[in-house]
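Chain by chain, the residues run as shown.
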Amino acid sequence: MDNNEKNVLNEDALQADQGTDTEKVTEQETAEEVASVQEATEEPAVEEAAVEEPVAQEPAPAPAPAPKPEKAAKPAATPVKTVKKPALSDAAKQRIKGLIFPVIMTAIILGIVLFILNHKNTTEEEAVIRVNKYEGTDEPIILENSDLKLTMDPMTTQFNIEVKSTGQIWTSVPEDGLNDPIAKSDAKGKVNSTLVITYTKDSGLEKEYNNYTYSIENGVYEIEATKDYIKINYSIGDVEKEYIIPPVTTAEKFEEYLSKLDKDTNYFVSQYYKKLDPNKPGKKDDVEALKAAYPVYAEGQTIYIIRDGANDALKSKLEEHFANLGYTMEDYKADCELDQSESSTDKAVFNVTVYYRLDGKDLVVELPYKDMQFSMNNPLFSITPLPMFGAGSTDDEGFLFVPEGGGAKINFNNGKLAQASYESKVYGRDMAIVKDSVVHDPVVNYNAYGIAKNGGSFLCILQEEASGASIVADIAGRYNSYNFVNARFNAILREKYNLGDQANTSVYVFMPNLPDETIVERFRFIDSDNYIDMAKAYQNYLKQNFPNEFTMNSDTEAPVVIEVVAAVDKIKQVLGVPTSRPLKLTTFKEAKEMIKTLQSEGMHNMSVKLSGWMNGGVNQKILKKVKLVSACGSSGDLKKLASEAKNLGIDLYLDGVTQYAYDSDLMDGFNSFSDSARFISKERAKLYQYSAVTFAQREGADTYYLLHTDLAAKMTDNLYKTVKKYGANISFRETGKDLSGDYYKKNTVTRETTMKNQMDQLSKITQDTKIMINGGNVYAAMYSDVITNMDLRGSEYTIIDEFVPFYEIAIHGYKNYVGNPINLTNDPTDELLTSAEYGAGLYFTLMKESPFALQKTLYTEYFGANYDSWHDKMMTIYNRYNSELGHVFKQEMTGHVTFEKGLTCTTYADGTKVYVNYNYLDKTADGKTIPARDYLVVR
């Protein structure tokens, strides 16, 4: 430091003290800050620069007192008259007694208030989050087995995976991500990150942190590597950058450093270090804490530590001076060993632990929720592991695979930047979280996504916590130059709280803690880049995890599901009062005759679902007790129906609702206060019906309640016992389609726990009873014999380029499934063609009553269900379908191709090909002409 720099020291230091941080800070800018640091600590920096404390001055002598006037002679003493205080009157005593109790109560209440306030302040005080720090070498870390080799750069924690069978390399982040010409600031950090989190505030505002910008660049992570796994503890947030300067060092070494500096630099450096002499502790030194933090201090050595007031710009200058002295990384690590204190911060910092393991040809990634640390002042909202794994660049050819419907492809660089990116929640929405907007709920029935490119592919299977995940995908050109897909997992759940007119801003309530669960993703690498092999990889995963449930069936004819609607509810006048009453649509005797006729006409592989048969009809009351709809028949009639079906080789399924209470009250055994599940806000889970056309609440439709999870399990047992009583099988209307948590404060049940509980119940039921479900969520499908209402194609997201039967390829031949009822859809031909392409059975919903009976009801969807009207057409459709395709339902699906829009071909194990033409003109493929709006089977 020269004299000219000294002259401007005070002026520039004032700017530094006011918060002016710049990469080109000079020593002169620090003098004022040095003074403020020393003043704050009230300790000398070093002996050479110590300022002597001023000697205490003796107090000035007090002024001499003024001379006292001479005392006058005392007068003669006079007797003192003692005045006796008058006694309190009885009335006064009573008043005083009357005040005692209010005063005592006031004191007690005041004490309670003070206790609560103090207790509240104590409980709201959060523990400071510990900050990790990397102190290892730059030598690559390797995990390896016979199939894969993972190589990690410890300086970034980024890694690549080599698939030994093909030599293909998959990277955790794009190789040239730092030079992405599109990505800006945080977006570029996200491209190069292996973990992205978001946190939120009470107002609902979300903030995103990526671990490249907010952890890796600052070196605030720890690595633990063994032969079996790599464990990384990330500290993600606004934490201090690491500088190669002595955090603590011995007096001998520090004074040696100072001796090599010129006078001005010596002065500058010394100002930012504090001397700690165990023989002469300062007045404010906590000696015991210092001994615990610095072992050499405890041994009696004098040390120097860097002062807390040094900001990043000053530390950067110190780093430059120590580098000129030859201070190395090895010196720094040695000095760090002298510091046994834990680095911590009270800023928004999140500690997240990630495990990487190799399991055959799979990379397994685990993130235990129990290891995540953060302040509830900044609750962790979501977490995305490996957001850019395997991402395709603008030069790559390939596609993103997303689990929309049966499956869908988003081609790399498809240019659809005007369309929204893809996002869909696995297993649909949680009904125990308030729906704050009326929008379409997309359907995702299984837990996998993937990427295919350059001759290879991977499939990421969400092995644990899939119920808390959303699949997110986007193409290159929007925020960066890469095509990517990933899974974003929930952390602390939240819900907007309705304050009515009391507040103009949104207020959110949060769950108090994370579940004791673990995120597990399994990346399975495949030696080809087609979705057929990706689906087969998923099929193998299901075989491995459900060896007893996922077995090949022996069907020789096409499966068909006939749903018979027994009764619905209709408002009728009872003594002048509008009252909901069951409306008969099909009696049990009529149902028996219907299935006898259909079976005799060739519909042999038939499953019959009887819906609306008890507790008021389709809009079923709570299942605490079972009461048949008397207009449909007696208990004996139902038993005869079940017996006749069994004799004919037909599986009869009695349909029931176990998770909800429709149109139920105390008379039905339902108490909404004790029986309903709870939203996160702790309010009862009261739900509304919405119109599929307007997305508004259905006018005239009743509200209903989501049941407490324990009660829903009991309702499942009740339905199971009832169907066993009648000798039938069981059909669940919502299990396998809807999956919800239950957020009671003292007994919180997550969606993941609900899922596992349902799997346990289904596993027991399937031992002696066949199961039918709706939708086909994979965790329930594994225990089911028939899946109805499967969403084969999914939603028509415009960013999607092609729909494919991925899920169906995986389960065909093992599980029977059907789409929507052909006779109730807007376009029966389209539903039939989709069934042919996706290898589905056929589904019809029927009733014996005329459609006119449904006038002035909310069941217009059944207008096309009349048995007599549909019988002939239904048999025509089935007979052709069964004769041409009946033999494929015990085979695996082995191929699928889309020749052009609306023209596909599905192949089976025996070589059977099913061509489907959705177009309104004839089309040609493989030298064969496929008629318009028809299918062609070639054996």
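The residue count restarts for each chain, going from 1 along the sequence in the order it is written. Confidence filtering applies because this is a predicted model: local features only for residues at pLDDT of at least 70, side-chain atom pairs given and counted only at 80 or more, and all residues used for totals across whole chains, interfaces and linings. To get the side-chain values, take all heavy atoms of the structure and skip hydrogens and water.

## Some details on the overall build of the protein
For the protein, the count of helices and strands is 22 helices and 49 strands. We call two residues in contact when some of their heavy atoms are within 4.5 Å. Considering only contacts within the protein whose residues lie at least 6 apart along the sequence, 68% involve residues at least 24 apart. Throughout, the Shrake-Rupley method with a 1.4 Å probe supplies accessible areas, and for residues the shown protein chains are the sole cover considered. Taken as a whole, the protein presents about 44700 Å² of accessible surface, with 50% of it coming from carbon and sulfur. Helix numbers and strand numbers start at the N terminus; a helix is a DSSP run of H or I with at least 4 residues, a strand a run of E with at least 2.

## Structural notes on a positive patch on the surface
Positive charge collects at one region of the surface, where Lys-572, Arg-581, Lys-625 and Lys-627 lie side by side. Secondary-structure assignment places Arg-581 in strand β30 (residues 577-584). Only residues whose relative accessible area exceeds 30% and that form no salt bridge are eligible for patches; like-charged ones are grouped when within 9 Å, while nonpolar side chains (Val, Leu, Ile, Met, Phe, Trp, Tyr) are grouped when within 5 Å. Think of a salt bridge as a Lys or Arg side-chain nitrogen and an Asp or Glu carboxyl oxygen that are within 4 Å of each other. His is not counted, nor are the chain ends; Lys and Arg add positive charge and Asp and Glu add negative charge. All charge positions are set by atom: Lys at NZ, Arg at CZ, Asp at CG, Glu at CD.

## A look at the sheet that holds strand β33 (residues 660-662)
Pairing between two strands requires that DSSP report at least two bridges joining them. Here we have three strands laid out as an open sheet, ordered β33-β35-β34, and antiparallel in their pairing. Each having just a single partner strand, β33 and β34 (686-687) make up the two edges of the open sheet. As paired elements, β34 and strand β35 (residues 704-706) share two bridges and run antiparallel to each other. Looking across to β35, one finds that Lys-686 is bridged to Tyr-705.

## What to know about the pairing of strand β3 (residues 148-152)
Only protein chains enter the calculation, and the probe is 1.4 Å; a residue is then buried if its accessible area is under 20% of its type maximum, exposed if over 50%, and partly exposed in between. Covered by surrounding structure in β3 are Leu-148, Leu-150 and Met-152 only, the residues Lys-149 and Thr-151 on the alternate face being uncovered. For strand β2 (residues 141-144) and β3, the ladder comprises four bridges, and the chain directions are antiparallel. From the neighbouring strand, Ile-142 faces β3, where its bridge partner is Thr-151. Hairpin connection, β2 to β3: the antiparallel pair is bridged by three residues. With five bridges joining them, β3 and strand β4 (residues 159-163) adopt antiparallel strand pairing. The residue of β4 that forms the bridge with Thr-151 is Asn-160. Between the antiparallel neighbours β3 and β4 lie six residues, among them Thr-157 with a positive phi of about 65°.

## Quick notes on helix α18 (residues 751-765)
For α18, built from 15 residues, the straight-helix expectation of 21 Å at 1.5 Å per residue is met to within 8% by its first-to-last C-alpha distance of 21 Å. Of all the residues in α18, the buried ones are Arg-751, Glu-752, Thr-754, Met-755, Gln-758, Met-759, Gln-761, Leu-762 and Ile-765. Expected span of a helix: the number of residues minus one, times 1.5 Å.

## Some details on the packing of aromatic side chains
Only Phe, Tyr and Trp rings take part, Trp by its six-membered ring, and two of them pair if their centres are within 6.5 Å. Stacked means planes under 30 degrees apart, edge-to-face means over 60, and tilted covers everything else. Inspection of the entire model under this criterion finds 42 aromatic pairs. Ring plane angle 75° and centroid distance 5.4 Å describe the contact between Tyr-660 and Tyr-704, whose orientation is recorded as edge-to-face. One end of the pair, Tyr-660, is in strand β33; the other, Tyr-704, is in strand β35, with 44 residues separating them in the sequence. An identical accessibility class is assigned to Tyr-660 and Tyr-704; each is buried. Following the ring pairs from residue to residue traces out a cluster consisting of Phe-159, Trp-170, Tyr-356, Phe-389, Phe-458, Phe-523 and Phe-525. Both a distance and an angle decide whether a charge sits over a ring: NZ of Lys or CZ of Arg must be within 6 Å of the ring centre and within 35 degrees of the ring normal. Over the ring of Phe-399 we find Lys-409, and its NZ or CZ is 4.7 Å from the ring centre. Positioned over the ring face of Tyr-918 is Arg-793, at 5.9 Å from the centre of the ring.

## Observations regarding the environment of Glu-337
Note that Glu-337 resides in helix α12 (residues 329-337). Look at Glu-337 and you get exposed, because its relative accessible area is 53%.

## Overview of unusual backbone geometry
One non-glycine residue, Tyr-427, adopts positive backbone phi at about 65°. When you line up the elements, Tyr-427 lands in the loop between β20 (422-425) and β21 (448-453). The backbone of Asp-926 shows a phi angle near 55°, a positive value even though the residue is not glycine. Relative to the elements of secondary structure, Asp-926 occurs in the loop between β47 (923-925) and β48 (928-930).

## Things to note about the sheet that holds strand β12 (residues 303-306)
Here we have three strands laid out as an open sheet, ordered β10-β12-β11, and antiparallel in their pairing. In this open sheet, the two edge strands, each paired with only one partner strand, are β10 (248-250) and β11 (273-276). The sheet shows a mean angle of 25° between the axes of neighbouring strands, taken without regard to direction. Pairing of β11 with β12 involves four bridges; the strand directions are antiparallel. What sits directly across from Lys-275, in β12, is Tyr-304. Axis angles are defined between N-to-C directions and span 0 to 180 degrees, where every axis is a line fitted to C-alpha atoms and, for a helix, only to the segment in contact.

## Quick word on the packing of helix α8 (residues 263-271) against helix α11 (residues 312-324)
With their axes 11 Å apart at the nearest point, α8 and α11 run at an angle of 130° to one another. In terms of orientation, α8 and α11 fall into the oblique class. Along this stretch, α8 crosses α11, giving a crossing that reads as left-handed. Only Lys-317, Leu-318, His-321 and Phe-322 of α11 make contact with α8, whose side of the interface consists of Thr-265, Phe-268 and Val-269. Comment on the angle field: the value is read as roughly parallel under 35 degrees, roughly antiparallel over 145, roughly perpendicular from 65 to 115, and oblique elsewhere. Left-handed describes a crossing whose near helix is turned anticlockwise from the far helix by less than a right angle; the clockwise case is right-handed.

## Some details on the pattern of salt bridges
Inspection of every chain in the model, using the stated rule, returns 36 salt bridges. A salt bridge links Arg-488 to Glu-423, with the shortest nitrogen-to-oxygen separation between them at 2.4 Å. Here Arg-488 is found in strand β24 (residues 482-490), whereas its partner Glu-423 is found in strand β20, with 65 residues between them in sequence. Given a relative accessible area of 39%, Glu-423 falls into the partly exposed group. One salt bridge in this structure joins Lys-621 and Asp-668, with 3.8 Å as the shortest N-O distance. Residue Lys-621 is found in the loop between β31 (606-611) and α15 (635-647), and its partner Asp-668 is found in the loop between β33 and α16 (672-675); the two are separated by 47 residues along the sequence. Counted as one network, the salt bridges with shared partners bring together Asp-359, Asp-362, Arg-522 and Arg-524.

## Here we look at the packing of helix α17 (residues 709-725) against α18
At their nearest, the axes of α17 and α18 sit 11 Å apart, and the two run at 15° to each other. Taken together, the axis directions place α17 and α18 in an arrangement best described as roughly parallel. Taken as a pair, α17 and α18 cross one another with a handedness that is right-handed. Contacts between α17 and α18 involve Thr-709, Ala-713, Thr-716, Asp-717 and Tyr-720 from the first element and Thr-754, Gln-761 and Ile-765 from the second. Residues of the contact of α17 with α18, tallied by class, amount to three nonpolar, four polar and one charged. Residue polarity is assigned by list, with Asp, Glu, Lys and Arg as charged and Ala, Val, Leu, Ile, Met, Phe, Trp, Tyr, Cys and Pro as nonpolar; anything else, Gly included, falls into the polar class.

## Looking at the environment of Asn-545
Inspection of the secondary structure puts Asn-545 in helix α13 (residues 531-545). Assessed through its relative accessible area of 37%, Asn-545 is described here as partly exposed. Within the structure, the side chain of Asn-545 is placed 2.8 Å from the backbone oxygen of Tyr-541, a separation counted as a polar contact. Here a polar contact is recorded for every N or O atom pair within 3.5 Å, except that within protein the pair must consist of a potential hydrogen donor and a potential acceptor, and residues adjacent in sequence are included only if both atoms are side-chain atoms.

## Concerning the side chain of Arg-733
Among the secondary structure elements, Arg-733 is positioned in the loop between β36 (729-732) and β37 (742-743). For Arg-733, the contacting residues outside a window of four places in its chain are Val-618, Asp-655, Gly-656, Val-657 and Asn-774.

## A short note on the confidence of the model for the protein
By definition, pLDDT measures how confident the predictor is in each residue, and it falls between 0 and 100. When the pLDDT values of the protein are averaged, the result is 86; 83% of them are 70 or greater. When the criterion is pLDDT under 50, residues 1-86 qualifies, and its contacts beyond four places in sequence or with other chains add up to 91 contacts.

## Structural notes on the nonpolar core
Core analysis: the largest hydrophobic core is formed by 181 residues, its most contacted members being Tyr-356, Leu-363, Tyr-538 and Trp-613. Discounting chain neighbours no more than four positions away, the residues touching Trp-613 are Ala-566, Phe-588, Val-626, Leu-628, Val-629, Leu-638, Leu-654, Asp-655, Leu-719, Thr-722 and Tyr-726. Residues Tyr-257, Val-269, Ala-310 and Leu-318 belong to the second largest nonpolar core, which totals 20 residues. The criterion is simple. A nonpolar core is a set of buried Ala, Val, Leu, Ile, Met, Phe, Trp, Tyr and Cys residues joined through side-chain atoms within 4.5 Å.

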